Amino acid sequence: DSGVTQTPKHLITATGQRVTLRCSPRSGDLSVYWYQQSLDQGLQFLIQYYNGEERAKGNILERFSAQQFPDLHSELNLSSLELGDSALYFCASSVSGGSYTQYFGPGTRLTVL
Amino acid sequence: AQTVTQSQPEMSVQEAETVTLSCTYDTSESDYYLFWYKQPPSRQMILVIRQEAYKQQNATENRFSVNFQKAAKSFSLKISDSQLGDAAMYFCASLSGGGADGLTFGKGTHLIIQP
């Protein structure tokens, strides 16, 4: 158990819908990262937040957005969902940004029908 | 931008034997870090080992060790005394030391342990 929690574990929805994935980092970690794992694209970095502020963007679509709240939990919002958005979405956290090791949550499996 | 290449989609090893998984990377940065993560059938991403690029000494963690060849941009993982629980996807990843970025992953190597 990494100490990073993600909810829900599984999510099934329809095209065009909007969903929110939630992540709670390890106690004491200030930085949260979101990743997408799909068969087509492999593991891709989406976005990083540090202490409530956006710090880095990766291959995140404009239909996707994220935020980190004062209690340091983070949410990833996915809208206008397409079949290709079906994937495993991971949250990871680290003490700070930079070189600190990232510890991953169990992931949320999103299926878009 | 960083790139990570794992050229072995699948490897197989007999239980108790030693296996080496290959990884090459490319980066223009002088400050970076390299990782191996394991993803078993549960899909959880588990850190196996970490290497700081500025360290010449190869990292080791129990049965897991790396061969870090900085000039060749190579970062292989050696698993000694392979166990059935080692069966998983193994991902090599790089991270910029600059502070604002995510991990760049390779496509992974599926490791099969033969009993």
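This text goes with the structure placed above it.
What comes next concerns the included structure. Within each chain, residue numbers correspond to sequence positions counted from 1 in written order. The naming scheme follows written order: chains are lettered A onward, ligands numbered 1 onward. Per-residue local features of the predicted model are confined to residues with pLDDT of at least 70, and side-chain atom pairs are confined, for both listing and counting, to 80 or more; whole-chain, interface and lining totals are unaffected and use all residues. Remark: hydrogens and water are excluded; side-chain values derive from all non-hydrogen atoms of the structure.

**Section: the overall build of chain B**
Which entries qualify depends on this criterion: Elements are defined by DSSP. Helices are runs of H or I of four residues or more, strands are runs of E of two residues or more, and each kind is numbered from the N terminus. This radius of gyration counts C-alpha atoms alone. The globule rule is 2.2 Å times how many residues there are, raised to the power 0.38. Any pair of residues with heavy atoms lying within 4.5 Å of one another is described as a contacting pair. Charged residues are defined narrowly, with Lys and Arg counted positive, Asp and Glu counted negative, and His plus the chain ends left uncounted. Here the site of a charge means atom NZ of a Lys, CZ of an Arg, CG of an Asp or CD of a Glu.
If you tally the helices and strands in chain B, you get zero helices and twelve strands. For chain B, the α and β elements follow one another from N to C terminus as β-β-β-β-β-β-β-β-β-β-β-β. Relative to a compact globule of 115 residues, whose C-alpha radius of gyration would be 13 Å, chain B shows 14 Å and is just as compact. Relative to all contacts within chain B whose residues are 6 or more apart in sequence, the contacts with residues 24 or more apart total 55%. Distance from the positive charge centre (9 side chains) to the negative charge centre (11 side chains) of chain B: 2 Å.

**With respect to the interface of chain A and chain B**
Here is the rule: Each of two parts loses accessible area, computed with a 1.4 Å probe, when they are put together; buried area is these two losses added. Whenever Lys or Arg places a side-chain nitrogen within 4 Å of a carboxyl oxygen from Asp or Glu, that contact is recorded as a salt bridge. Whenever a nitrogen or oxygen atom comes within 3.5 Å of another N or O atom, the pair is scored as a polar contact, on the condition that within protein one atom can donate a hydrogen and the other can accept it, and that pairs from neighbouring residues in sequence are kept only if both atoms are in side chains. Only Asp, Glu, Lys and Arg are considered charged in this grouping, and only Ala, Val, Leu, Ile, Met, Phe, Trp, Tyr, Cys and Pro are considered nonpolar; every other residue, Gly among them, is considered polar.
Across the boundary between the two partners, chain A contributes 22 residues, which contact 18 residues of chain B. When chain A packs against chain B, close to 1,600 Å² is buried across both sides, 54% of that on carbon and sulfur atoms. Our count for the chain A to chain B interface comes out at zero salt bridges. Across the chain A-chain B interface, the total number found is seven residue pairs in polar contact (both at pLDDT 80 or more). Residues that form the side of chain A that touches chain B fall into these classes: eleven nonpolar, nine polar and two charged.

**What to know about the sheet that holds strand β7 (residues 64-68) of chain A**
Residue and element names in this part refer to chain A. This is how it is decided: DSSP calls a pair of strands paired once it identifies at least 2 bridges connecting them. To get an axis, a line is fitted to the C-alpha atoms, and for a helix only the part in contact is used. The angle between two axes follows their N-to-C directions and goes from 0 to 180 degrees.
Read from one edge of the open sheet, four strands run β1-β3-β8-β7, paired in antiparallel fashion. Pairing within the sheet leaves two strands with one partner each, and these edge strands are β1 (5-7) and β7. Going across the sheet, the axis of each strand differs from the next one's by a mean of 15°, ignoring polarity. In the sheet, β1 pairs with strand β3 (residues 19-24) via three bridges, with the strands oriented antiparallel. Following the sheet pairing, Q6 is matched in β3 by C23.

**Observations regarding the layout of surface pockets**
The line we're drawing: Using a 1 Å grid laid over the protein atoms alone, points where a 1.4 Å probe fits but cannot get out form a cavity; open sets with protein on both sides within 12 Å along at least 5 of 7 lines form a pocket; any residue with an atom within 4 Å of a point counts as lining. Grid points are joined across faces, edges and corners, and a volume is the space filled by probe spheres set on the points.
Estimates place the volume of the largest pocket at around 540 Å³. Forming the boundary of the largest pocket are 26 residues, of which A:Q37, A:S38, A:L39, A:D40 and A:G42 lie nearest the centre. Of all the secondary structure elements, the ones that give two or more residues to the lining of the largest pocket are β4 (31-38), β5 (42-50), β9 (87-94) and β11 (108-112) of chain A together with β10 (88-96) of chain B. A per-element tally of the lining of the largest pocket places β5(A) first, with four residues. In terms of residue class, the lining of the largest pocket is built from ten nonpolar, ten polar and six charged.

**Observations concerning the nonpolar core**
The condition is simple: We define the nonpolar core as a collection of buried residues of types Ala, Val, Leu, Ile, Met, Phe, Trp, Tyr and Cys that are connected through side-chain atoms lying within 4.5 Å of one another. The rule is simple: take the accessible area with a 1.4 Å probe, protein chains only, and divide by the maximum for that residue type; under 20% is buried, over 50% is exposed, in between is partly exposed.
Core analysis: the largest hydrophobic core is formed by 24 residues, its most contacted members being B:W36, B:F75, B:L77, B:Y90 and B:L111. Counting only elements with at least two residues in this core, the list comes to β3 (19-21), β5 (32-39), β6 (46-52), β8 (64-69), β9 (74-79), β10 and β12 (109-114) of chain B. Residues contacting B:L111, with those up to four places away along its chain left out, are B:M11, B:V13, B:V19, B:L21, B:I79, B:D86, B:A87, B:A88 and B:Y90. In terms of nonpolar packing, the next biggest core, distinct from the first, is built from 21 residues, A:V32, A:A66, A:L81 and A:A87 among them.

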